[in-house]
Amino acid sequence: MRWRKAQLSGTGESFVLPKRWRDAEVLDGDSIPPCRRVMLFKFGSEKGFSYEYSAYIRAAVMASKLSYTLLADDTEWVYGSLREYFLPRQIHCQPPTDWFLQDAAVPLGSKRWANADRVWFSTDLIDKADDWIREEMIDQTAMKELRQRQFRDILPQGETLPPELEDVFRDFAAATRELWRPNDQLATLIRSQRMELGLGGGGLRRKNHSPTWGGARRSGSDSQRPNVEDVPEDELDFEEVGGAERSDRGPIIAAYVRLGERDVRWTKDMEEVGVRGQTYGNLSLILDGANDAVRRLSKSSRAEPSYSRTNPTLFPAGVQPTLLVMSAEAVVVPSLESRSDISDVFKIQRTSPPSTETLRPWSDLLDLELSGAELSRKKDSPGSILFKFNQKLFNSLPRSLRVHLTRYFLRDLTTLALHADAFLLTGSSNVGRLACLVAGDSAVVGPRDFATGHGLGGRVRSLDGPWYPTSKASALFADE
């Protein structure tokens with residue numbers, strides 16, 4: 001009994017009841033309907049954020065499909081509490097008092113689990129979730145076609161989200177929108193970063209009132225432009241649909257880059273989805289992708305649209321684009337700067353790290369008095385986490401510091417997925433696939449070809465492999 005009370009008092013709640021129930025004095029317990037079916041997701045204490053959170057999204061999708069109320073127990077989560085980053089979800093029923101107990105539920109994947117009223121799921125059962133997604137949501141005939149495709153070097157635009165997986169992606173993106181609602185602390189960081197980079201309206205309500213917008217509507221511009229009737233129809237640009245030209249800055253091409261130790265599954269995952277011939281951590285892919293993005297942000301026509309047919313944002317010729325790097329490894333920026341074919345064209349910068357002032361509470365632990373070069377060489381020092389991410393080292397840090405660093409990671413991921421002019425990522429990584437879900441289907445698919453209906457590629461683009469809903473690419477395909 002003591003153990004049960006301790007568990008009850010220490011369990012974090014990822015949900016809230018509707019306001020009308022929270023504010024009312026409910027004298028009759030029947031006034032709030034009980035949850036008839038509950039799915040419990042248990043966050044773990046070792047895996048990376050994107051891996052765990054992607055599993056949480058899978059739980060939300062399965063819960064929605066099977067009419068479960070999803071609840072999350074984050075007491076053992078190495079990243080802290082969900083409420084330290086996101087607003088709690090609103091549920092419309094009263095969970096059982098022991099909702100967090102695994103013993104009161106059956107594990108996902110067990111015999112006839114989908115008929116049980118209480119189910120639990122964690123990353124330890126990720127293969128079972130993959131099996132259900134493959135069997136219930138994926139057309140295996142379409143997967144055979146996907147498996148037969150062959151790509152080399154860079155993944156073409158329009159292939160980040162294969163047409164065969166678009167319907168599945170929409171379900172996952174809808175679940176992500178429900179879960180990914182930044183709280184005040186995270187939202188403040190996101191607004192500050194947008195203002196810092198000049199991405200859209202920042203924290204202001206209207207673009208035309210924002211000092212970071214600065215664009216002129218083409219329809220009201222005084223610049224000399226040819227009459228629409230004098231331009232061939234297939235070259236009609238965005239003037240006819242009222243696009244905007246930004247004159248306050250150049251395009252910001254964001255890139256999520258990872259160079260660290262090669263994942264043993266990387267080559268296999270790439271081969272499963274038809275991508276061969278790539279080199280892990282190839283910086284030339286970033287250059288190719290960034291050049292493609294600059295072209296699409298410079299002109300839009302019927303035949304070759306920008307990232308939107310109806311409301312594209314374009315940049316004048318001659319402005320220098322920025323390559324904004326999001327990476328857990330500080331060495332990425334010097335590596336890019338050392339290549340003249342990249343540094344001569346792009347201004348290269350890394351997303352801003354936590355300031356020394358915000359890290360001051362942990363200054364002794366992080367050895368902040370040392371230079372970056374000295375810290376990066378001290379691989380076992382907690383301060384080296386600021387220059388190269390190490391999951392084992394991160395897990396050993398104080399909780400407050402882990403939460404602080406995670407907020408900056410989520411700031412970057414959210415800002416770039418939703419607001420960067422273009423975002424290049426690695427679909428082979430958990431971070432990249434999570435970013436696709438945060439961005440949504442229109443940002444990934446982009447405008448469609450008039451003839452085929454196939455997406456031409458959005459401003460969020462994978463350079464190496466497509467998005468897929470399972471934990472590994474091989475799980476897409478049934479055993480033959």
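Structure's up top.
Remember, predicted model here, so these are calculated numbers, not experimental data.

Trainee: Give me the lowdown on the overall build of the protein chain, citing residues and values where you can.
Mentor: In terms of regular secondary structure, the protein chain is built from 18 helices and 16 strands. In the protein chain, buried positions account for 52% of the 480 residues. Excluding contacts between residues fewer than 6 apart, the proportion of contacts in the protein chain whose partners are at least 24 apart in sequence is 73%. If you sum the accessible surface of the protein chain, you get close to 23,000 Å²; carbon and sulfur atoms cover 47% of it.

Trainee: Please give an account of the pairing of strand β6 (residues 118-121) that cites residues and values.
Mentor: In β6, alternate side chains face the same way, and those of Arg118 and Trp120 on one face and Val119 and Phe121 on the other are all buried. Pairing between strand β5 (residues 106-107) and β6: 2 bridges, direction parallel. Residue pairing in the sheet places Pro107 in a bridge with Trp120 of β6.

Trainee: Before we move on, can you summarise the sheet that holds strand β3 (residues 69-73) with the specific residues and values?
Mentor: Strand order in the open sheet formed by 4 strands is β3-β2-β6-β5, with parallel pairing between adjacent strands. Because the sheet does not close on itself, it has two edges, and the strands there are β3 and β5. Sheet topology places strand β2 (residues 38-42) next to β6; 4 bridges connect them, and they run parallel. Within β6, the residue paired with Met39 across the bridge is Val119.

Trainee: Please give an account of the pattern of salt bridges that cites residues and values.
Mentor: Enumeration according to the criterion identifies 18 salt bridges in this entry. Of the charged contacts, one joins Arg295 and Asp292 as a salt bridge, the two residues approaching to 2.1 Å between their closest N and O atoms. With Arg295 and Asp292 both in helix α9 (residues 283-296), this residue pair falls 3 residues apart, about one helical turn. The class of Arg295 is exposed, set by a relative accessible area of 53%. With a closest N to O distance of 2.7 Å, Asp341 and Arg339 form a salt bridge.

Trainee: I'd love a proper account of the packing of helix α3 (residues 49-65) against helix α17 (residues 430-439), names of residues and values included.
Mentor: Packing of α3 against α17 leaves a shortest axis separation of 8 Å and a crossing angle of 45°. Considering the angle they form, α3 stands oblique to α17. By crossing handedness, the relation of α3 to α17 is classed as left-handed. Residue-level contacts link Phe49, Ser50, Tyr51, Tyr53, Ser54 and Ile57 of α3 to Asn430, Val431, Leu434 and Leu437 of α17. Classifying every residue of the contact of α3 with α17 gives 7 nonpolar, 3 polar and no charged.

Rules behind the numbers
- Residues numbered from 1 in each chain as written.
- Predicted model: local features only at pLDDT ≥ 70, side-chain atom pairs only at ≥ 80, totals over all residues.
- Heavy atoms only, no water.
- Helix = DSSP H or I, 4+ residues; strand = E, 2+ residues; numbered from the N terminus.
- Buried < 20%, exposed > 50% of the residue type's maximum accessible area, 1.4 Å probe, protein only.
- Contact = heavy atoms within 4.5 Å.
- Areas by Shrake-Rupley, 256 points an atom, 1.4 Å probe, with all protein chains shown as cover.
- Pairing = 2+ DSSP bridges.
- Salt bridge = Lys/Arg side-chain N within 4 Å of Asp/Glu carboxyl O.
- Axes fitted to C-alpha atoms, helices over the stretch in contact; angles between N-to-C directions.
- Parallel < 35°, antiparallel > 145°, perpendicular 65-115°, else oblique.
- Left-handed = near helix turned anticlockwise from the far one by under 90°.
- Nonpolar A, V, L, I, M, F, W, Y, C, P; charged D, E, K, R; others polar.

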